[in-house]
Amino acid sequence: MKSFKSLLITGGAGFIGSHLVRRMVNHYPDTQIVNLDALTYASNLKLLDDCEKKPNYQFVKEDINNFERLKELFVEYQFDAVVHLAAESHVDNSIKNPFLFAQTNIQGTLNLLEASRQYWGNNAQEQRFYHISTDEVFGSLGTEGFFNEKTLYDPRSPYSASKASSDHLVRAYFHTYGLPVVLSNCSNNYGPGQHSEKLIPLMIKNIVAEKPLPVYGRGDNIRDWLYVEDHVEAIDLILHEGKPGETFALGGNNEMKNIDLIHLLIERVDERLNRPKGTSLPLIKFIKDRLGHDFRYAIDASKVKNELGWKTTTSFDEGIVKTVAFYLKN
Ligand SMILES: NC(=O)c1ccc[n+]([C@@H]2O[C@H](COP(=O)([O-])OP(=O)(O)OC[C@H]3O[C@@H](n4cnc5c(N)ncnc54)[C@H](O)[C@@H]3O)[C@@H](O)[C@H]2O)c1
């Protein structure tokens, strides 16, 4: 297993990033963990209050679009590994403002790749650049089949197209400059700390407030849900054991129609609030479908299971209980 002296995590004040920062700070006390985040609307640094005083943790407020500053930070902190999560991540926002998504997700990733290459040199061996990506780059599945590492790219929203572009740049840096990159494409994450614009926290918030629950189309779209702590465990494994140039598909093997998920959330939240069963069902409001809405995502994660021994440890039932508890408290 590889070890690193100084790890840069970008987007560590976001949903997945905050779970990853906490895991790395606690599991690797001899590694300096630098969390770089521009603190956009999607961030919440309070999620990391428990890490603030840890001697191996440092926060840097910076934008990945500031290339000159990124180069200085590599020299200052002597990073030998990067896990890159900073991104604009909400599909609906990408439909309204695609330029911002191209800027942060494509140009920002290129800035980080180039800053890494300039600091590590061509054909670096010991360092790692780990790019966190999404299964949305593969487009949409019908009722059958799964995405895996060999699936051809077919992004359909400005968000997924910007993530696909960044994946291509990361691989180009491996082939052209020998930058030691690893990538993973993960399915939908859920858990504590996600911004309330996203499906699960939004539904919980609205059920509590007795507000309408907007559902795109008829709610038939299918997503494969992975508990965020299981995702960060996979990231930890891939960072330390994945070989340069490798890609891993990550998923929870847990497909669900959006409407079924919403019914489940209604049941759990009503139960927790001691409301009679079915109280919040009339809040469901079907709305005009999202433009270019992908029908189904599902992942075959056998490569990471067979090669690195990863497995999920949180069942969907357990994960949803923890998730609902978090949002009711916060
Ligand atoms: N959430 C999911 O279900 C999911 C699934 C697969 C992959 N991903 C990928 O994982 C990563 C993290 O996703 P998330 O859900 O935690 O996102 P998020 O929106 O919760 O967090 C993103 C973080 O990036 C920061 N950021 C945005 N623009 C920045 C910039 N220009 N410079 C520096 N920081 C900036 C934000 O302030 C925020 O803290 C993203 O790259 C996303 O594409 C997410």
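As shown above, the structure is provided for reference.
Below: a short report on this structure. Being a predicted model, the structure only gives us computed values, none of them experimental.

Our next topic: the overall build of the protein chain. The helix and strand inventory of the protein chain stands at 10 helices and 13 strands. For 330 residues, the compact-globule formula gives about 20 Å, and the C-alpha radius of gyration of the protein chain, at 20 Å, lands near that figure. For the C-alpha atoms alone, the extent of the protein chain along its principal axes is close to 60 × 45 × 40 Å. Evaluated residue by residue, the protein chain yields a buried proportion of 55% over its 330 residues. In the protein chain, the share of contacts with a sequence separation of at least 24, taken over all contacts with a separation of at least 6, comes to 82%.

Next up on the list: the pairing of strand E1 (residues 6-10). Counting buried positions along E1 gives 5 out of 5 residues, so the element sits mostly inside the fold. Residues of E1 alternate between two faces, with Ser6, Leu8 and Thr10 on one and Leu7 and Ile9 on the opposite face, all of them buried. Two elements, E1 and strand E2 (residues 32-37), share 5 bridges in a ladder whose sense is parallel. The residue bridging Leu8 from the neighbouring strand is Val34, located in E2. Handedness of the crossover joining E1 and E2 through helix H1 (residues 15-27): right-handed.

At a minimum axis distance of 9 Å, the contact between helix H4 (residues 98-120) and helix H5 (residues 158-177) shows a crossing angle of 15°. Here H5 runs roughly parallel to H4, going by the angle between their axes. As H4 runs across H5, the sense of the crossing is right-handed. Residues Pro98, Phe101, Ala102, Asn105, Ile106, Thr109, Leu110, Leu113, Glu114 and Arg117 of H4 touch H5, and the partners they reach there are Pro158, Tyr159, Ser162, Lys163, Ser165, Ser166, Leu169, Val170, Tyr173 and Tyr177.

Taken together, 29 residues lie near the ligand, and Ile16, Asp37, Ser89, Tyr159 and Lys163 sit nearest. The contact in question runs from an oxygen atom of the ligand to an N or O atom on the side chain of Asp37, over 2.6 Å. Tyr159 has a polar side-chain atom sitting 2.6 Å from an oxygen atom of the ligand. Burial of the ligand by the protein amounts to 96% of the accessible area it has alone, namely 830 Å². Looking at the shell around the ligand, the elements with two or more residues in it are H1, strand E5 (128-134) and H5. Broken down by element, the shell around the ligand gets its largest block of residues, 3 residues, from E5. In terms of residue class, the shell around the ligand is built from 13 nonpolar, 12 polar and 4 charged.

The subject of this paragraph is the packing of aromatic side chains. Per the counting criterion, the structure on display carries 13 aromatic pairs. An angle of 85° between the planes, with centres 5.1 Å apart, marks the rings of Phe74 and Phe79 as edge-to-face. According to the relative accessible area criterion, Phe74 is buried, its value standing at 1%. The class of Phe79 is buried, set by a relative accessible area of 3%. The interplanar angle of 65° and the centroid separation of 5.1 Å between the aromatic rings of Tyr190 and Phe316 together place this pair among those described as edge-to-face. Here the residue Tyr190 occupies a position in strand E7 (residues 189-190), and Phe316 occupies one in helix H10 (residues 316-329), the gap between them amounting to 126 residues. As far as the burial class goes, Tyr190 and Phe316 line up, both buried. An aromatic cluster is present here, built from Phe74, Tyr77, Phe79, Tyr119 and Trp120 joined pairwise through their rings. The ring of Phe146 has Arg296 lying over it, and the distance from NZ or CZ to the ring centre is 5.6 Å.

We now examine the environment of Gly139. Relative to the elements of secondary structure, Gly139 occurs in the loop between E5 and H5. The class of Gly139 is buried, set by a relative accessible area of 0%. C-alpha of Gly139 to C-alpha of Thr40: the two residues are 99 residues apart in sequence and 27 Å apart in space.

Definitions and cut-offs
- Numbering of residues starts from 1 in each chain and follows the order in which that chain's sequence is written.
- For this predicted model, a pLDDT threshold of at least 70 governs which residues receive local features, and a threshold of 80 or more governs which side-chain atom pairs are given and counted, while totals over whole chains, interfaces and linings are taken from all residues.
- Only hydrogens and water are set aside; all other atoms, that is, all heavy atoms of the structure, feed into the side-chain values.
- Starting at the N terminus, helices and strands are each numbered in turn, a helix being any DSSP run of H or I of at least four residues and a strand any DSSP run of E of at least two.
- The quantity called the radius of gyration is restricted to C-alpha atoms. Its globule counterpart is 2.2 Å times the number of residues to the power 0.38.
- Whether a residue is buried, partly exposed or exposed follows from its accessible area with a 1.4 Å probe, protein chains only, as a fraction of its type maximum: under 20%, in between, or over 50%, in that order.
- Note on contacts: a residue pair is in contact if any heavy atoms of the two residues lie within 4.5 Å.
- At least two DSSP bridges between two strands are needed for those strands to be called paired.
- When the strands point away from the viewer and the path from the first strand over the helix to the second turns clockwise, the crossover is right-handed.
- Angles here are taken between N-to-C directions and fall from 0 to 180 degrees, while the axes themselves are lines fitted to C-alpha atoms, restricted in helices to the stretch in contact.
- Angles are sorted into four bins: roughly parallel if under 35 degrees, roughly antiparallel if over 145, roughly perpendicular if 65 to 115, and oblique for all others.
- For a crossing to be left-handed, the near helix must be turned anticlockwise from the far one by less than a right angle; the clockwise case is right-handed.
- Distances are taken per atom, and a residue is near a molecule or strand as soon as one of its heavy atoms is within 4 Å of it.
- Pairing of N or O atoms within 3.5 Å defines a polar contact, subject to two protein rules: one partner must be a possible hydrogen donor and the other a possible acceptor, and residues neighboring in sequence count only if both atoms are side-chain atoms.
- Note on areas: these come from Shrake-Rupley sampling with a 1.4 Å probe, and a residue is covered only by the protein chains present in the view.
- The nonpolar class holds Ala, Val, Leu, Ile, Met, Phe, Trp, Tyr, Cys and Pro. Asp, Glu, Lys and Arg form the charged class, and all remaining residues, Gly among them, are polar.
- In this analysis, rings of Phe, Tyr and Trp, with Trp reduced to its six-membered ring, are considered paired at centre separations within 6.5 Å, and the interplanar angle assigns stacked below 30 degrees, edge-to-face beyond 60, and tilted for intermediate values.
- Should the NZ of a Lys or the CZ of an Arg lie within 6 Å of a ring centre and within 35 degrees of the ring normal, that charge is described as sitting over the ring.

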